[in-house]
Amino acid sequence: MSASWLPSPYPSGSLHHQTCPSCHSGLPSYGTTAVAAVLGIFAILTMATFVGLTVIATAAGYQVKGEWLEEHANTVTSLVLIGIGIVVYVGF
């Protein structure tokens, strides 16, 4: 996608225009503020997702009762984490 309709602030013969990768790639360049905002929003939403899923899982876990689960909780947790690891490794 080219933004050739946008006027360049640099003359076409200038050294900047000849050596700048953004001028030749046809791709728009984004400012530091825009990139920082996107990364910040991504980080905030990622953390909110982790916290939300943890709270939901904790609330659900407190609803489960049983002697068998009390005795085998570590095994169940380990198997779930191994399963998640396999899914991530395979790339589903």
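On a predicted model such as this, the values are computed, not experimentally measured, just so you know. (Residues numbered from 1 in each chain as written. Predicted model: local features only at pLDDT ≥ 70, side-chain atom pairs only at ≥ 80, totals over all residues. Heavy atoms only, no water.)

**Notes on the overall build of the protein**
Then, in step 1: In terms of regular secondary structure, the protein is built from four helices and zero strands.
Then, in step 2: Starting at the N terminus and walking to the C terminus, you meet the elements of the protein as α-α-α-α.
Then, in step 3: Burial analysis of the protein (92 residues in total) assigns 3% to the buried set.
Then, in step 4: Accessible surface computed for the protein: about 8200 Å², of which carbon and sulfur atoms make up 72%. (Helix = DSSP H or I, 4+ residues; strand = E, 2+ residues; numbered from the N terminus. Buried < 20%, exposed > 50% of the residue type's maximum accessible area, 1.4 Å probe, protein only. Areas by Shrake-Rupley, 256 points an atom, 1.4 Å probe, with all protein chains shown as cover.)

**Focus: helix α4 (residues 67-90)**
Then, in step 1: If you check α4, its first and last C-alpha atoms are 34 Å apart, about what 24 residues at 1.5 Å a residue would give, namely 34 Å.
Then, in step 2: By the largest-angle criterion, Ala73 marks the main kink of α4, which is about 65°.
Then, in step 3: Counting buried positions along α4 gives zero out of 24 residues, so the element sits mostly on the surface.
Then, in step 4: Phi turns positive one or two residues past the end of α4, at Gly91, with a value near 95°. (Expected span 1.5 Å × (residues − 1). Bend = angle between axes of the 7 residues up to and from the residue.)

**Some details on the layout of surface pockets**
Then, in step 1: In this structure, the second largest pocket encloses a volume near 230 Å³.
Then, in step 2: What lines the second largest pocket is simply Gly61, Val64, Leu69, Glu70, Ala73, Val76, Thr77, Val80 and Leu81.
Then, in step 3: It is α4 that contributes the most residues to the lining of the second largest pocket, seven residues altogether.
Then, in step 4: Across the lining of the second largest pocket, the residue classes tally to six nonpolar, two polar and one charged. (1 Å grid on protein atoms, 1.4 Å probe; cavity = no way out; pocket = protein on both sides within 12 Å on 5 of 7 lines; lining within 4 Å. Points joined across faces, edges and corners; volume = space filled by probe spheres on them. Nonpolar A, V, L, I, M, F, W, Y, C, P; charged D, E, K, R; others polar.)

**So, a nonpolar patch on the surface**
Then, in step 1: A contiguous nonpolar surface patch, about 860 Å² in accessible area, is contributed by Leu79, Ile82, Ile86, Val87, Tyr89, Val90 and Phe92.
Then, in step 2: By secondary structure assignment, the location of Val87 is in helix α4.
Then, in step 3: What makes Val87 partly exposed here is its relative accessible area of 39%. (Patch = residues over 30% accessible without salt bridge, like charges linked within 9 Å, V, L, I, M, F, W, Y side chains within 5 Å. Salt bridge = Lys/Arg side-chain N within 4 Å of Asp/Glu carboxyl O.)

**Description of the confidence of the model for the protein**
Then, in step 1: Counting all residues, the mean pLDDT for the protein is 80, and 70% of those residues have values of 70 or more.
Then, in step 2: Mean pLDDT per element in the protein: helix α1 (residues 15-19) is the minimum at 57, and helix α3 (residues 32-63) is the maximum at 92. (pLDDT = per-residue confidence, 0-100.)

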